[in-house]
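Close look at the chain arrangement
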Amino acid sequence: MALEHALLVALSERPASGLELTRRFERSLGFFWHATHQQIYRVLARMESDGWVTVEVVEQDGRPDKRVHTPSATGREVLADWLARPMPMEGFRSELAVKLRGASYGDRATLTDHLVDLRADHATRLAHYEKFEREQFPDPTALDGAALDQWLVLRGGLRLEQFWIDWITEYLQAHEGAPK
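What you are looking at is a predicted structure, and each value in this text was computed from that prediction instead of being measured.

What follows deals with a negative patch on the surface. A surface patch of negative charge is lined by Asp-107, Asp-113, Asp-117 and Asp-121. In this structure, Asp-107 sits in the loop between α5 (95-102) and α6 (108-136). You can call Asp-107 partly exposed: its relative accessible area is 49%.

What follows covers a nonpolar patch on the surface. On the surface, a nonpolar cluster with roughly 310 Å² of combined accessible area is contributed by Phe-92, Leu-160 and Phe-163. Position of Leu-160 relative to the elements: it lies in helix α7 (residues 145-174).

This brings us to the packing of helix α1 (residues 3-13) against helix α3 (residues 37-49). Where α1 meets α3, the closest approach of the two axes is 10 Å, and the angle between their N-to-C directions is 85°. When the axis of α1 is compared with that of α3, the two are roughly perpendicular. Residue-level inspection shows Leu-3, Glu-4, Leu-7, Leu-8 and Leu-11 of α1 in contact with α3, the latter providing Gln-39, Ile-40, Val-43, Leu-44, Arg-46 and Met-47. Residues belonging to the contact of α1 with α3 are distributed by class as follows: 8 nonpolar, 1 polar and 2 charged.

This part covers the UniProt feature "domain: Transcription regulator PadR C-terminal" (unreviewed entry) in the protein. Mapped onto this structure's residue numbering, the UniProt feature "domain: Transcription regulator PadR C-terminal" (unreviewed entry) falls at residues 93-174. The span residues 93-174 carries 82% helix and 0% strand; its end-to-end C-alpha distance comes to 22 Å.

This part covers the pattern of salt bridges. Applying the stated criterion across every chain, the model contains 8 salt bridges. Residue Glu-48 pairs with Arg-67 through a salt bridge whose shortest N-O separation is 2.4 Å. Here Glu-48, found in helix α3, pairs with Arg-67, found in strand β2 (residues 63-71); they are 19 residues apart in sequence, far enough to count as distant. Owing to a relative accessible area of 32%, Glu-48 belongs among the partly exposed residues under this scheme.

Cut-offs applied
For every chain, the first residue of the written sequence is number 1, and numbering continues from 1 along that sequence. With pLDDT at 70 or above as the cut-off, local features in this predicted model cover only qualifying residues; side-chain atom pairs require 80 or more to be listed or tallied, and sums for whole chains, interfaces and linings still use all residues. Water and hydrogen atoms play no part in the side-chain values, which are based on all heavy atoms of the structure. Surface patches are drawn from residues lacking salt bridges whose relative accessible area is over 30%; two like charges belong together within 9 Å, two nonpolar side chains (Val, Leu, Ile, Met, Phe, Trp, Tyr) within 5 Å. Exposure was quantified through the Shrake-Rupley algorithm and a 1.4 Å probe, taking into account, for residues, occlusion by the shown protein chains and nothing else. Throughout this description, the term salt bridge denotes a Lys or Arg side-chain nitrogen within 4 Å of a carboxyl oxygen of Asp or Glu. Positive charges come from Lys and Arg, negative ones from Asp and Glu, while His and the chain ends are left out of the count. A single reference atom marks each charge: NZ on Lys, CZ on Arg, CG on Asp, CD on Glu. Secondary structure elements follow DSSP: runs of H or I of four or more residues count as helices, runs of E of two or more count as strands, with numbering from the N terminus. For the exposure calls, accessible area comes from a 1.4 Å probe over protein chains only, and a residue counts as buried if that area is under 20% of its type's maximum, exposed if over 50%, partly exposed in between. A fitted line through C-alpha atoms serves as each axis, taken over the contacting stretch for helices, and the angle formed by two N-to-C directions is quoted from 0 to 180°. Orientation labels follow simple angle bins: below 35 degrees gives roughly parallel, above 145 gives roughly antiparallel, 65 to 115 gives roughly perpendicular, and whatever is left gives oblique. What makes two residues a contact is simply this: any of their non-hydrogen atoms within 4.5 Å. Any residue that is not Ala, Val, Leu, Ile, Met, Phe, Trp, Tyr, Cys, Pro, Asp, Glu, Lys or Arg is counted as polar, Gly included; the first ten are nonpolar and the last four charged. UniProt positions are given in the numbering used here, feature names are shortened, and annotations may be inferred rather than shown by experiment.

Okay, here's the thing in structure tokens:
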């Protein structure tokens, strides 16, 4: 997947300026696809020159004009083509997995300290996802269309964070009391 596809999805949900997209990436999209504001602006410019988005210039009082991007017909076709392509199976590729496998050949105590911090980070993100789910999707049974898709992606994020917490916990518990 390219950033262009993530931006087309975001703009299909709601047209936006580069700044608005950057904020959306910081709050939600960025949990599963990271992009800096420089990348977003650079890719938006390329998408505009390629005809994938149209831009409406909106005047603002006391501030520079805002450029609101919307997928064009070409952009919607590109997104539809990308969505229709088969996906390769995602493998389990993880730097953490390699470090855990190699822990016996290095400083396990330092790795363990990092694991405790990493588990706390995943717990914080899990709590954020749970709060977001409660606030944004109080009745999942009433969802359909784009809202249902958004909730299901959030559910995947919840499960993934729980996986990391459980796996790190299992590793730490297995090595409690083990020689370091």
